[in-house]
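# Per-entry structural report
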There are 2 protein chains.
Amino acid sequence: MDSFFSHFTLKVNPSIYLKDPETSKLGKRIIEGSINLIDAFGFDNFTFKKLADEIDSTESSIYRYFENKHKLLLYLTSWYWAWLESHLLYNIINVEDNKEQLKRAIRILTKKVEEDGSFSHINEIKLNQIIITESSKSYMHKDVDVENKEGAFLGYKSIVAKVAEIIIVINPKYKYPNMLISTIIEGAHHQRFFQDHLPRLSNNYKDEDTVSDFYAEMVLKVIG
Amino acid sequence: MDSFFSHFTLKVNPSIYLKDPETSKLGKRIIEGSINLIDAFGFDNFTFKKLADEIDSTESSIYRYFENKHKLLLYLTSWYWAWLESHLLYNIINVEDNKEQLKRAIRILTKKVEEDGSFSHINEIKLNQIIITESSKSYMHKDVDVENKEGAFLGYKSIVAKVAEIIIVINPKYKYPNMLISTIIEGAHHQRFFQDHLPRLSNNYKDEDTVSDFYAEMVLKVIG
DNA sequence: TTGTTATGATAGTACCGCTATTATATTTGC
DNA sequence: GCAAATATAATAGCGGTACTATCATAACAA
C-alpha cells in the first residue's frame, strides 16, 4: 500500500494557504512541527511563535504560508480527508458487492489510525488524533460560511458524498444518506474521545473495536 | 409548564463557579449578557472585557464569579443539561409505556428549542443555539480530565444515563446504550449546524423536522 | 452606625495575533 | 560564475487578550 500512496501528493484547496507547504522544506517542517505541537498540547495552546521555536524558524516566515493558525488547522483537516478518501477508494475499487463496499467504507471512516505510512513529514497517527479532538473547531465558528464559499470543506463533503452514493445504490429509498454518514464520522470521533476522557458517555469492551463495531452495526440496521 | 419550572433554580456543580451567579443581580446580568454575546458573536470572539461593557460592569467584577471564560461556558452547558433533564423527567413521568418514554426522550434530546420559558434571565432559545455550536468546546480540550474529576460534566452524564436506562428496560441485551444516546445528542447538534452552514453534509426536507425524525428512526431500528 | 461584603475603578504584566521593515541566505537564469 | 530574483530570518512594534493586584466606594446587615 505504501508504494501506491507514496508517489503523489494529496491535493488541498489553494484558498486555504498563502503558499503551498508541499513546495518547500520549510513548508514541510511547518506541517510536521504543527502536527507534533497540536497533538502534544492541543490546538488552543498552539501559537505560531511556539511553532517557529519548535522548527527553528520565525513567526514571519510561517505567516507567509498561512494567514493564521486556523487556516493551518483547515489545511491539516483537508489533507486528512483527501488522504482518507484515497484510502477509501483503494480499498473498495475492486470490490463488486455494494454491501461489502459499504462495510469497508464504514471501517475506514471509523477506525483508529494505528500505523504511520507514506508521507514522510506527516505522521498519520498523530494527525488522526488531532482530527478526533480538534477537527470540529475547523468549522464550528462564525467564519464558516465565508470559508465554505472558498471551498475549505470540499474534502469532507467529497468523502461523505462518495459513501452516501454507495448507500443509495443499496437502498435507493433511504432518505438520509448524508446525515447518516456525517453522523458516523463525527460520532466516531466523539466516541473515541469519550472513551479516553468521559467514559460514562460511551460503552467499551475489551478486545473489541467498540466504536467501529457500533457504527457498522448501526448503518446496516438503519438502511435496512 | 411554566409554573412547574419557574419556582426552583437549577443546580450547577459549584466547582464551576467562584461565586454562584444565581445569588445576585450582577450574577444574573453576567449570565444573561454572556448568552447574548456568545449567541451573537461566537464563543471565540467573546471576552470578559466585552461582557463587562455589555452589562455596564467591569472585568474584575466578572472574575469574582468565574475563573475564566471557559468556566462560564461550562456553567452555561451544565445549566442547560440540568434544564433539559428537568424537561425530560416532566415529559415522561406519567408515561407507562417504555417505548413511548423513549420516543419522547429522543424528541427532547434532538428538537430545536423554539420557545423561551421560565427563567427570566436565561433565554433558552439562544442558549440552545450556543449549545449546538459551542458545547463541544466545553470538553474538547486538554484540561478535560481535571475538570471531569471536579464534576464539571455530571449533568451531561446524568441525562445520558437516564435515557440509557430506558433503552436497557426495552432491550436488556443491547450493548451500546450510552454510545447510542451520546451519538444522537452530539449528532443532532452537528446536523442542525450542518443544515444551516454545510448542507451537503446533511439532508433536509421542507416541513419536516428532519434531524429529529432521523434520530428517532435510528434509535428504534438500532435497538431492535 | 459600624462593620462586612459586593462592586467599581484603575493599573500593570505577559502573551497573543498580526504587520512592517530590513537584512541575509538560497535558488535560478543567463 | 555572477546577477537578479526569491525565500527566509531578524527585529520591532501595535492593539488586544487573559489575567492579577490594589484601592475606593457602594450596599446591606448586625
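Residues numbered from 1 in each chain as written. Chains lettered and ligands numbered in written order. Predicted model: local features only at pLDDT ≥ 70, side-chain atom pairs only at ≥ 80, totals over all residues. Heavy atoms only, no water.

### Considerations on the layout of surface pockets
- Its volume calculated, the largest pocket comes out at about 850 Å³.
- Around the largest pocket sit 32 residues that line it, and Phe43, Asp44 and Lys137 of chain A together with Asp44 and Lys137 of chain B are the ones nearest its centre.
- Counting only elements with at least two residues in the lining of the largest pocket, the list comes to helix 5 (69-92) of chain A together with helix 5 (69-92) of chain B.
- With three residues, the single largest contributor to the lining of the largest pocket is helix 5 of chain A.
- Classifying every residue of the lining of the largest pocket by side-chain character gives six nonpolar, ten polar and 16 charged. (1 Å grid on protein atoms, 1.4 Å probe; cavity = no way out; pocket = protein on both sides within 12 Å on 5 of 7 lines; lining within 4 Å. Points joined across faces, edges and corners; volume = space filled by probe spheres on them. Helix = DSSP H or I, 4+ residues; strand = E, 2+ residues; numbered from the N terminus. Nonpolar A, V, L, I, M, F, W, Y, C, P; charged D, E, K, R; others polar.)

### Things to note about empty space enclosed by the protein
All names here are of chain B.
- This structure, assessed with the given rule, holds six cavities of 30 Å³ or more.
- Roughly 70 Å³ of volume is contained in the largest cavity.
- If you trace the largest cavity, you find it lined by Thr77, Ser78, Trp81, Ser135, Ser138, Tyr139, Ala152, Phe153, Gly155, Tyr156 and Glu186.
- Taken together, the elements giving at least two residues each to the lining of the largest cavity come down to helix 5 and helix 9 (154-170).
- The element contributing the most residues to the lining of the largest cavity is helix 5, with three residues.
- For the lining of the largest cavity, the per-class residue count stands at five nonpolar, five polar and one charged.

### With respect to the relation of the copies chain A and chain B
- Between chain A and chain B, the superposition needs a rotation of 180° and an axial shift of 0.0 Å, giving an RMSD of 0.0 Å. In the structure described here, the two chain copies are related by an operation that fits a two-fold rotation axis.
- Here 100% of the contact residues of chain A are again contact residues in chain B; the copies associate through an equivalent surface. (Least-squares fit on C-alpha atoms with pLDDT ≥ 70 in both. Contact = heavy atoms within 4.5 Å.)

### Things to note about the environment of Asn178 of chain B
- Looking at the element boundaries, Asn178 of chain B is found in helix 10 (residues 177-197).
- Relative accessible area serves as the criterion here: at 15%, Asn178 of chain B is assigned to the buried category.
- Sequence separation between Asn178 of chain B and Asn45 of chain B is 133 residues; the distance between their C-alpha atoms is 33 Å.
- Asn178 of chain B has contacts with Arg200, Leu201, Ser202 and Asn203 of chain A together with Val160 and Ala164 of chain B, leaving out every residue within four places of it along the chain. (Buried < 20%, exposed > 50% of the residue type's maximum accessible area, 1.4 Å probe, protein only.)

### What about the protein's contact with DNA strand C?
- As a matter of local geometry, DNA strand C sits amid 17 residues, with Asn68 of chain A together with Ser57, Ser61, Arg64 and Tyr65 of chain B nearest to it.
- Close to the protein, within 4 Å, the atoms of DNA strand C belong to sugar or phosphate groups at a rate of 57%.
- At 3.3 Å, a side-chain N or O of Glu59 of chain A approaches a base nitrogen of DNA strand C.
- Here a base oxygen of DNA strand C sits 2.9 Å away from a polar atom, N or O, in the side chain of Arg64 of chain B.
- Mapped by element, the contributors of at least two residues to the surface near DNA strand C are helix 4 (59-63) of chain A together with helix 4 (59-63) of chain B.
- For the surface near DNA strand C, the element with the most residues is helix 4 of chain A, which contributes three residues.
- Residue classes in the surface near DNA strand C are distributed as three nonpolar, eight polar and six charged. (Near = heavy atom within 4 Å. Polar contact = N/O pair within 3.5 Å; in protein donor to acceptor, adjacent residues only side chain to side chain.)

### Comments concerning the interface of chain A and chain B
- At the junction of the two partners, chain A supplies 53 residues and chain B supplies 53 residues.
- In total, about 4,600 Å² of surface goes out of reach between chain A and chain B, with carbon and sulfur atoms giving 64% of it.
- For chain A, the biggest contributors to the area lost against chain B are Met140, Met179 and Leu201 of chain A; these three give 16% of the whole.
- Residue Glu208 of chain B pairs with Lys175 of chain A through a salt bridge whose shortest N-O separation is 3.1 Å.
- At the junction of chain A with chain B, the criterion picks out 34 residue pairs in polar contact (both at pLDDT 80 or more).
- Of all elements in the fold, only helix 2 (25-41), helix 7 (124-134), helix 8 (144-149), helix 9 (154-170), helix 10 (177-197) and helix 11 (210-223) of chain A reach the threshold of two or more residues within the side of chain A that touches chain B.
- No other element matches helix 10 of chain A, which puts 13 residues into the side of chain A that touches chain B.
- The residue inventory of the side of chain A that touches chain B, partitioned by class, reads 24 nonpolar, 16 polar and 13 charged. (Buried area = accessible area lost by both parts, 1.4 Å probe. Salt bridge = Lys/Arg side-chain N within 4 Å of Asp/Glu carboxyl O.)

### As for helix 11 of chain A
- Its 14 residues give helix 11 of chain A an end-to-end C-alpha distance of 20 Å, which sits within 8% of 20 Å, the value for a rise of 1.5 Å per residue.
- For helix 11 of chain A, the set of buried residues is Thr210, Val211, Ser212, Phe214, Tyr215, Ala216, Met218, Val219, Val222 and Ile223 of chain A.
- Buried residues belonging to helix 11 of chain A abut helix 6 (98-110), helix 9 and helix 10 of chain A together with helix 10 and helix 11 (210-223) of chain B.
- Phi turns positive one or two residues past the end of helix 11 of chain A, at Gly224 of chain A, with a value near 80°. (Expected span 1.5 Å × (residues − 1).)

### Structural notes on the packing of aromatic side chains
- Applying the stated criterion across every chain yields a total of 35 aromatic pairs over all chains.
- Judged by centre distance (4.5 Å) and plane angle (5°), the rings of Trp81 of chain B and Tyr156 of chain B are stacked. Taken as a pair, Trp81 of chain B in helix 5 and Tyr156 of chain B in helix 9 lie far apart in primary sequence, 75 residues in all.
- Note on Tyr156 of chain B: relative accessible area 3%, which makes it buried.
- Members of the aromatic cluster, connected to one another through ring pairs, are Phe193 and Phe194 of chain A together with Trp79, Tyr80, Trp81, Trp83, Tyr139, Phe153 and Tyr156 of chain B.
- Above the face of the Tyr205 of chain B ring, Lys175 of chain A is positioned so that its terminal group lies 5.2 Å from the ring centre. (Phe/Tyr/Trp six-rings, centres within 6.5 Å; stacked < 30°, edge-to-face > 60°. Lys NZ or Arg CZ within 6 Å of the ring centre and 35° of its normal.)

### Quick notes on the protein's contact with DNA strand D
- Taken together, 19 residues lie around DNA strand D, and Ser57 and Tyr65 of chain A together with Glu59, Tyr63 and Asn68 of chain B are the ones closest in.
- Between Ser57 of chain A and DNA strand D, the recorded distance is 2.4 Å, taken from a side-chain N or O atom to a phosphate oxygen.
- Of all the secondary-structure elements, those providing two or more residues to the surface near DNA strand D are helix 2 and helix 4 of chain A together with helix 4 of chain B.
- No other element matches the three residues that helix 4 of chain B contributes to the surface near DNA strand D.
- Tallied by class, the residues present in the surface near DNA strand D amount to three nonpolar, eight polar and eight charged.

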